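The chain contents come next:
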Amino acid sequence: MNVDIMKNNLKKKSINIINGMRLRRYYSEKPGTGKTYMAIILDKIIFRIIVLISFIFLFYFISESLIFSAIISLQVFVLYNLIMYKINKNKLQKKIFLVNKQVVLKKTLRELLNQSPQDFLDYIVDILEKYGFDSITKVDRRDIDIVGTISDRKVGIRCLQYDNDYKVGVDIVRDFFIELRRLELTEGVIITTSSFTHEANNLLVKLRKYAQIQLVDIEGLLEIIKKADLYPSEAEIKKIILNEISDSRMHFKSYKDVVLSKGKIIKYIFLGITMIVFGRFTPYTTYYNIVAVIIFSIAIISLIVLLINLFRVDEEKQENKVL
């Protein structure tokens, strides 16, 4: 029993370590630097080697003693690495914050756009209630969806379920203002899952002496969600990211299965031969030969994968016969 518990604990620790590495890689690559995680690590290693060699040359030039310069250089190099660790840790924390925000924004936007108009409105009502609104009622108006009270102030609210490509313009803000006046309301909020045009924001300045209107885009909505205590926790965000990584791995596997398929082997061989023949009639023979070798390699890998799969099928058949 103790052995099983130890195995389970070891398995959990292994999974946590692997997930930690996956998350670190995700955060490093996500901002779109164009470099893979391994390339980033390799750059850091090369740069540190250059720094160490530079220290050795510098102190050797000053002291003219190789042993002295090596000892001092190692000490300075250790101090340098400690300072860089602190700096990189702070940078990583800032990067994690920004990436997590984008992950939540993307997830929230996808979920909101997939809801029906009625479910979307109910969701906004739930958020506003948790935010502090009370006496929320849905109104049967074209340009106002909800009327609620917060801090004894009556507020008209319009909820727009738009894709991020569509920006809310002046016409919608103007119609909303007219509807507020009809209901004799002096405060209003337009909430959208997209954003607002520059002209729509400018119109608020002109309307300010008649009504206080706030424009809440998708990022503003996230802030409301956060204040309503509905924002995902750090653990939940990490789970979302790990699921995204798993989905990406599944897509890669599907792509690999297509590329390394039975039907492609003959095509790869034919394409490789074509490249070699065609290359002889051009000044780029070496280039075409290299491409042909790569294509032949894919064909060989496809053949190996096919033979392994056939062998597995035969083994399963034999096992079924025995059973």
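Preceding block: the structure.
Quantities reported herein were computed from a predicted structural model and do not represent experimental measurements.

### Some points on the overall build of the chain
Consideration 1: Looking only at helices and strands, the chain features ten helices and seven strands.
Consideration 2: Going through the 323 residues of the chain one by one, you find that 31% of them count as buried.
Consideration 3: In the chain, the share of contacts with a sequence separation of at least 24, taken over all contacts with a separation of at least 6, comes to 62%.
Consideration 4: As presented, the chain carries roughly 22,700 Å² of accessible surface, and 61% of it is formed by carbon and sulfur atoms.

### With respect to the sheet that holds strand β5 (residues 187–192)
Consideration 1: Within the open sheet, the five strands sit side by side as β1-β2-β3-β5-β7. Their pairing is mixed. Either end of the sheet is taken by a strand with one partner, and the two such strands are β1 (134–138) and β7 (212–216). Going across the sheet, the axis of each strand differs from the next one's by a mean of 20°, ignoring polarity.
Consideration 2: When β5 meets β7, the two strands line up parallel, connected through five bridges. In the sheet register, valine 189 faces β7, and the bridge partner there is glutamine 214.
Consideration 3: This element, helix α7 (residues 218–227), spans β5 and β7 of the sheet and lies at about 95° to β7.

### What to know about the pattern of salt bridges
Consideration 1: Within the structure shown, the criterion is met by ten salt bridges.
Consideration 2: Arginine 182 serves as the salt-bridge partner of glutamate 179, at 3.3 Å between the closest nitrogen and oxygen. Residue glutamate 179 and its partner arginine 182 are both found in helix α5 (residues 170–182); the two are separated by three residues, about one turn of the helix.
Consideration 3: Salt bridges linked by common partners bring Arg141, Glu179 and Arg182 together as one network.

### Notes on the packing of aromatic side chains
Consideration 1: Under the definition given, this model contains six aromatic pairs.
Consideration 2: Judged by centre distance (6.4 Å) and plane angle (75°), the rings of phenylalanine 55 and tyrosine 80 are edge-to-face. One end of the pair, phenylalanine 55, is in helix α2 (residues 37–63); the other, tyrosine 80, is in helix α3 (residues 66–113), and 25 residues separate them in sequence. For the pair formed by phenylalanine 55 and tyrosine 80, the shared burial category is buried.

### Examining the environment of tyrosine 80
Consideration 1: According to the relative accessible area criterion, tyrosine 80 is buried, its value standing at 18%.
Consideration 2: When neighbours within four sequence positions are excluded, tyrosine 80 is seen to be in contact with Phe47, Arg48, Val51 and Phe55.

### A short note on a nonpolar patch on the surface
Consideration 1: A cluster of nonpolar side chains, contributed by Val78, Leu79, Leu82, Ile83 and Ile87, occupies part of the molecular surface with about 440 Å² of accessible area.
Consideration 2: Tracing the backbone through its elements, the reader meets valine 78 in helix α3.
Consideration 3: Overall, the relative accessible area of 49% leaves valine 78 in the partly exposed class.

About the thresholds
- Residues numbered from 1 in each chain as written.
- Predicted model: local features only at pLDDT ≥ 70, side-chain atom pairs only at ≥ 80, totals over all residues.
- Heavy atoms only, no water.
- Helix = DSSP H or I, 4+ residues; strand = E, 2+ residues; numbered from the N terminus.
- Buried < 20%, exposed > 50% of the residue type's maximum accessible area, 1.4 Å probe, protein only.
- Contact = heavy atoms within 4.5 Å.
- Areas by Shrake-Rupley, 256 points an atom, 1.4 Å probe, with all protein chains shown as cover.
- Pairing = 2+ DSSP bridges.
- Axes fitted to C-alpha atoms, helices over the stretch in contact; angles between N-to-C directions.
- Salt bridge = Lys/Arg side-chain N within 4 Å of Asp/Glu carboxyl O.
- Phe/Tyr/Trp six-rings, centres within 6.5 Å; stacked < 30°, edge-to-face > 60°.
- Patch = residues over 30% accessible without salt bridge, like charges linked within 9 Å, V, L, I, M, F, W, Y side chains within 5 Å.

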